[in-house]
Amino acid sequence: MEEMKEMVLKKFAEVFGDSDKAKVYFAPGRVNLIGEHTDYNGGHVFPCALTIGTYGVARKRKDNRLLFYSMNFEQLGVIESSLDELVPSEKADWTNYPKGVMWAFGEKGMKVPCGMDLLLNGNIPNGSGLSSSASVEVLTGFILRDLFGFDVSNQDLALIGQYSENQFNKVNCGIMDQFAIAMGKKDNAIFLDTADLSYEYAPIVLKGAKIVIACSNKKRGLGDSKYNERREECETALVELQKEVDIKTLGDLDEAGFEKAASAIQSDVRRKRAKHAVYENRRTIRAVEALKANDVAEFGRLMNASHVSLRDDYEVTGIELDTLVEEAWKVEGVIGSRMTGAGFGGCTVSIVRDEAIDAFIEKVGAAYEKKIGYVADFYVVEVGDGPKGLV
């Protein structure tokens, strides 16, 4: 981190003339171990923060101007805006994320009092499904709190980030990504009930194994994927089920309750979508119980079952993610593997025994390139803390 801090400060001085009075910050990316597409269905999720994420350097200005620079999009140069024009626009590109958070703070009665120079550098692959956008949102909120003394908790930062993504960037995301990032804790995943935001930390103790992320390198954006369509299908199925059973969310049902009432759902497609939401929620609850009992093998089996459901019932995987997972399942030493994130590209997450990691990367990588025609990238990751200032 020290190395990254020096690098971003040096770049900030290059771009903005000097780094006097500039402060450095970090917010992690996240990966969801199990519990996919449950977060907007009132179910449980089980994400953890990573040690890779987004670094930011920020400094207050004496005027209302906002000057943004990203080391990940250097070709765009400095993108200029102001506190008087906090509206989404195509030409604003990636700066719609920090601007959305500044707008959301204003909407919550915390008007940003002056402009700033902001430089970002992320070591999360863009479009990978490891939540680079949520990382930027939480980072921006953390910076605003630090620079201007706003009275908000880390949980508030998650909710403000989600609000900005929903209302400013018009992506109907659930709370999981921002929550996992804002509330991250080293060596722990967060068992979160998205219906009421109750949560507990569960230690990730993988004796002799590591979490390996495989990035498909098929770019996807949440807004232009079928994400919103899946939400609508689940919302309609819920309304249909509510005519039969007294539930607030799909997460209120267990498998038996769902099977009993499923005929109330008028379409086969919606029935499959709702089935995934109900069964995935129960899998997530069981997976956390398995982890607490040190039964990593059972946790892996539930990860595998999660992928099958996402492929067959929710239909959000696609050939790239299916190839990565199906090839992973063939490798000895892989405890479990599944797609993670919204799907339609992005990443898989696997738990792999230490001695099998090299073979895993080699075999899965070769099979993927042969079938898909371009390479996948692999990251052996560690579970890290939430956002912080780097003094």
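That block above? That's the structure.
Residues numbered from 1 in each chain as written. Predicted model: local features only at pLDDT ≥ 70, side-chain atom pairs only at ≥ 80, totals over all residues. Heavy atoms only, no water.

Draft legend 1. Focus on the packing of aromatic side chains. This model, assessed by the stated rule, comprises 16 aromatic pairs. Ring geometry for Trp103 against Tyr163: centres 5.6 Å apart, planes inclined by 5°, an arrangement best described as stacked. You can see Trp103 sitting in helix 2 (residues 96–107) and its partner Tyr163 sitting in helix 4 (residues 154–167), a full 60 residues away along the chain. A relative accessible area of 25% places Tyr163 in the partly exposed class. One aromatic cluster is present, built from ring pairs that chain together Phe46, Phe191 and Phe299. (Phe/Tyr/Trp six-rings, centres within 6.5 Å; stacked < 30°, edge-to-face > 60°. Helix = DSSP H or I, 4+ residues; strand = E, 2+ residues; numbered from the N terminus. Buried < 20%, exposed > 50% of the residue type's maximum accessible area, 1.4 Å probe, protein only.)

Draft legend 2. Structural detail: the nonpolar core. The biggest cluster of nonpolar side chains holds 45 residues, and the ones touching the most others in it are Met102, Phe105, Met116, Ile143, Leu144, Phe148 and Phe179. Looking at this core, the elements that each hand over two or more residues are strand 1 (23–32), strand 4 (65–70), helix 2, strand 6 (116–122), helix 3 (132–148), helix 4, helix 5 (176–182) and strand 7 (188–193). Take this core: its biggest share by element is nine residues, from helix 3. Excluding its chain neighbours within four sequence positions, the residues that come into contact with Met116 are Ala58, Arg59, Lys60, Arg61, Arg65, Leu66, Leu67, Met102, Ile143, Leu144, Leu147 and Phe148. Counting residues in hydrophobic clusters, the runner-up holds 32 residues, among them Ala202, Leu206, Ile213 and Leu291. (Core = buried A, V, L, I, M, F, W, Y, C linked by side-chain atoms within 4.5 Å. Contact = heavy atoms within 4.5 Å.)

Draft legend 3. Expanded view of the sheet that holds strand 10 (residues 334–340). Reading across the sheet, the four strands line up as 10-11-9-12 and stay open at both edges, with antiparallel pairing between neighbours. Pairing within the sheet leaves two strands with one partner each, and these edge strands are strand 10 and strand 12 (377–381). Sheet twist, expressed as the mean angle between neighbouring strand axes with direction ignored, is 20°. Each of strand 9 (209–215), strand 10 and strand 11 (347–353) is contacted by helix 10 (residues 318–330), which is oriented at about 175° to strand 10, the strand it contacts most. (Pairing = 2+ DSSP bridges. Axes fitted to C-alpha atoms, helices over the stretch in contact; angles between N-to-C directions.)

Draft legend 4. Inspection of the packing of helix 10 against helix 11 (residues 357–372) at higher detail. Look at helix 10 against helix 11: their axes get within 9 Å of each other, and the N-to-C directions meet at 145°. Like other packed secondary-structure pairs, helix 10 and helix 11 cross with a definite hand, here right-handed. Residues Ile319, Glu320, Thr323, Leu324, Glu327 and Ala328 of helix 10 form the contact with helix 11, whose own contacting residues are Phe360, Val364, Ala367, Tyr368, Lys371 and Ile372. Residue composition of the contact of helix 10 with helix 11, by class: eight nonpolar, one polar and three charged. (Left-handed = near helix turned anticlockwise from the far one by under 90°. Nonpolar A, V, L, I, M, F, W, Y, C, P; charged D, E, K, R; others polar.)

Draft legend 5. Spatial organisation of the pattern of salt bridges. In the structure shown here, the tally under the stated rule is 29 salt bridges. Between Arg283 and Glu280 there is a salt bridge; the shortest N-O distance is 2.9 Å. Of the two residues, Arg283 and Glu280 both sit in helix 8 (residues 268–292), three residues apart, roughly one turn of that helix. Side by side, Arg283 and Glu280 carry an identical accessibility label, which is buried. Among the ionic pairs, Glu280 bridges to Arg338, the shortest N-O distance being 3.8 Å. With Glu280 in helix 8 and Arg338 in strand 10, this residue pair connects regions lying 58 residues apart in the sequence. (Salt bridge = Lys/Arg side-chain N within 4 Å of Asp/Glu carboxyl O.)

Draft legend 6. Representation of helix 9 (residues 296–312) within the structure. With 17 residues, helix 9 should reach 24 Å at 1.5 Å per residue; the first-to-last C-alpha distance of 25 Å fits that figure. For helix 9, the complete set of buried residues consists of Val296, Phe299, Gly300, Leu302, Met303, Ser306, His307, Ser309 and Leu310. Looking at the buried residues of helix 9, the elements they touch are helix 8, helix 10, strand 10 and strand 11. (Expected span 1.5 Å × (residues − 1).)

Draft legend 7. Examining the pairing of strand 7 more closely. Taking burial as the measure, the six residues of strand 7 include six buried ones, the bulk of the element. Judged by which residues are buried, strand 7 turns out to be covered on both faces: Asn188, Ile190 and Leu192 on one side and Ala189, Phe191 and Asp193 on the other are all buried. Taken together, the two bridges between strand 2 (residues 44–45) and strand 7 define a ladder with antiparallel strand orientation. Following the sheet pairing, His44 is matched in strand 7 by Asp193. Sheet topology places strand 7 next to strand 8 (residues 198–203); six bridges connect them, and they run antiparallel. Within strand 8, the position partnered with Leu192 by the bridge is Tyr199. Two successive antiparallel strands, strand 7 and strand 8, enclose a turn made up of four residues, where Leu197 displays a positive phi of approximately 60°.

Draft legend 8. Inspection of unusual backbone geometry at higher detail. Even without a glycine there, the phi angle at Lys21 is positive, about 65°. Structurally, the position occupied by Lys21 is in the loop between helix 1 (2–16) and strand 1. The backbone of Asn217 shows a phi angle near 65°, a positive value even though the residue is not glycine. Mapped onto the elements of the fold, Asn217 is located in the loop between strand 9 and helix 6 (227–242). The exposure class of Asn217 is partly exposed, given its relative accessible area of 24%.

Interpretation in functional terms is not warranted from these geometric data alone.
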